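Single-letter residue listing:
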Amino acid sequence: MLKDITLGQYFSGDSFLHNLDPRIKIILVVIYAVTVFLAKNLFSLLFLLLTALILTAISGISFKVVLKSIKPVMILLVFTAVINIFLTSTDADPIFHWQFIKIYRQGIINAIFMVVRILSLITGTSVLLTYTTSPISLTDGLERLLSPLKKIKVPVHEFAMMMTIALRFIPTLLEETDKIISAQKARGAGFDSGGIVKKAKAFLPILIPLFISAFRRADELACAMECRCYRGDEGRTRMKVLKLRATDVVTLLLGIIFVIAVFFFNSIPTDLSI
């Protein structure tokens, strides 16, 4: 399961999304994330799914990688669907009624909408940002976008650096966790037997070496940055200076059109809406 988590990983490539300015990608991710929750009917929902598939195809990233990123959140998806199905109540007659359990048509619709929204959000934001943007580009883009906050003494560079390092260390820590689990299994530890409580207790011995490894890596990273004379934003230069191109501006305009299209689809009358 840990190997299936691709959050924070960067897949190098030469696609259109890979070459897009990181500032534009961050803005588009915010637009996309907000628009996902503005979808109110079947047409806008299908439009979101189509957009996520198109972004994946443009990025050149295998659909298998995207599907792997969805597997770790299956429990969340099932839990969300169950909550919406069983806790949604309306004045209409239930389509299923057994003792105190009532399932309404609107509850099923809400469950479908929430599951598709989460899937679209995970797929779209991952393909737009983390999968196609290197950590350094992500740091530069985030810092440039937040640069106006420097006027009020906000440590923008340090904030952007911490966010990027935290995101970059997710796959590293997952890989370290997988190694620790394999080492524990080689010593006879069991993680698959017993009930939930026993399984939870079996994972406790993993936390201590994982914390030690995380702090050791953080100390090594700090020493490496100091050895390279890193002193924060003061006097820092960049090998690649971010410059907006015509394709970046056109892509941003397409993002605005995307929002308008979702509002248009929301206005189309349909029985499948929330």
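Residues numbered from 1 in each chain as written. Predicted model: local features only at pLDDT ≥ 70, side-chain atom pairs only at ≥ 80, totals over all residues. Heavy atoms only, no water.

## Remarks on the overall build of the protein
Scanning the protein for helices and strands turns up 10 helices and 2 strands. When the helices and strands of the protein are read in sequence order from the N terminus, they spell out α-α-α-α-β-β-α-α-α-α-α-α. In the protein, which comprises 274 residues, the proportion classed as buried is 35%. Of the contacts made within the protein by residues no fewer than 6 positions apart, 76% connect residues no fewer than 24 positions apart. By element, 70% of the accessible surface of the protein is carried by carbon and sulfur atoms, the whole surface being about 16,800 Å². (Helix = DSSP H or I, 4+ residues; strand = E, 2+ residues; numbered from the N terminus. Buried < 20%, exposed > 50% of the residue type's maximum accessible area, 1.4 Å probe, protein only. Contact = heavy atoms within 4.5 Å. Areas by Shrake-Rupley, 256 points an atom, 1.4 Å probe, with all protein chains shown as cover.)

## Some words on a nonpolar patch on the surface
A cluster of nonpolar side chains, namely Met 74, Val 78, Phe 79, Val 82, Ile 83, Phe 86 and Leu 87, defines an oily patch on the protein surface of about 660 Å² accessible area. Positionally, Met 74 belongs in helix α4 (residues 74-87). Look at Met 74 and you get partly exposed, because its relative accessible area is 41%. (Patch = residues over 30% accessible without salt bridge, like charges linked within 9 Å, V, L, I, M, F, W, Y side chains within 5 Å. Salt bridge = Lys/Arg side-chain N within 4 Å of Asp/Glu carboxyl O.)

## Comments concerning helix α10 (residues 246-266)
Counted at 1.5 Å a residue, the expected span for α10 with its 21 residues is 30 Å, and the 31 Å between its end C-alpha atoms agrees. Along α10, the residues classified as buried are Asp 248, Thr 251, Gly 255, Phe 258, Ala 261 and Val 262. Taken end-on, α10 shows its buried residues confined to a sector of 120°, consistent with a single buried face. Seen from the buried face of α10, the exposed residues on the opposite side, beyond 90 degrees, are Ala 246, Ile 257, Ile 260 and Phe 264. Among the structural elements, α1 (22-36) and α2 (42-59) are those in contact with the buried residues of α10. (Expected span 1.5 Å × (residues − 1). Arc of directions from axis to C-beta.)

## Description of the side chain of Thr 133
By the secondary structure assignment, Thr 133 is in the loop between α5 (105-130) and α6 (135-146). At 2.8 Å, the side chain of Thr 133 and the side chain of Lys 25 are in polar contact. Engagement of the side chain of Thr 133 in a polar contact is seen with the backbone oxygen of Leu 129, the distance being 2.7 Å. Contacts of Thr 133, omitting those with residues within four sequence positions, involve Tyr 10, Pro 22, Lys 25, Leu 128 and Leu 138. (Polar contact = N/O pair within 3.5 Å; in protein donor to acceptor, adjacent residues only side chain to side chain.)

## Digging into the environment of Leu 20
Tracing the sequence through the fold places Leu 20 in the segment before α1. Under the relative-accessibility criterion, Leu 20 is labelled buried at 3%. Between the C-alpha atoms of Leu 20 and Thr 132, which are 112 residues apart in sequence, the distance is 9.0 Å. Those residues in contact with Leu 20 that lie beyond four places of it in its chain are Lys 25, Leu 28, Arg 245, Thr 247, Asp 248 and Thr 251.

## Side note on the state of the cysteines
Working definition of a disulfide: a covalent bond connecting the sulfur atoms of two cysteines. Summed over the entire model, instances satisfying the criterion amount to 0 disulfides. This cysteine, Cys 223, is not joined by any disulfide, and Cys 227 carries the nearest cysteine sulfur, 6.4 Å off. Overall, the relative accessible area of 64% leaves Cys 227 in the exposed class. (Disulfide = S-S within 2.5 Å.)

Note that all results are geometric; they support no functional claim without further evidence.
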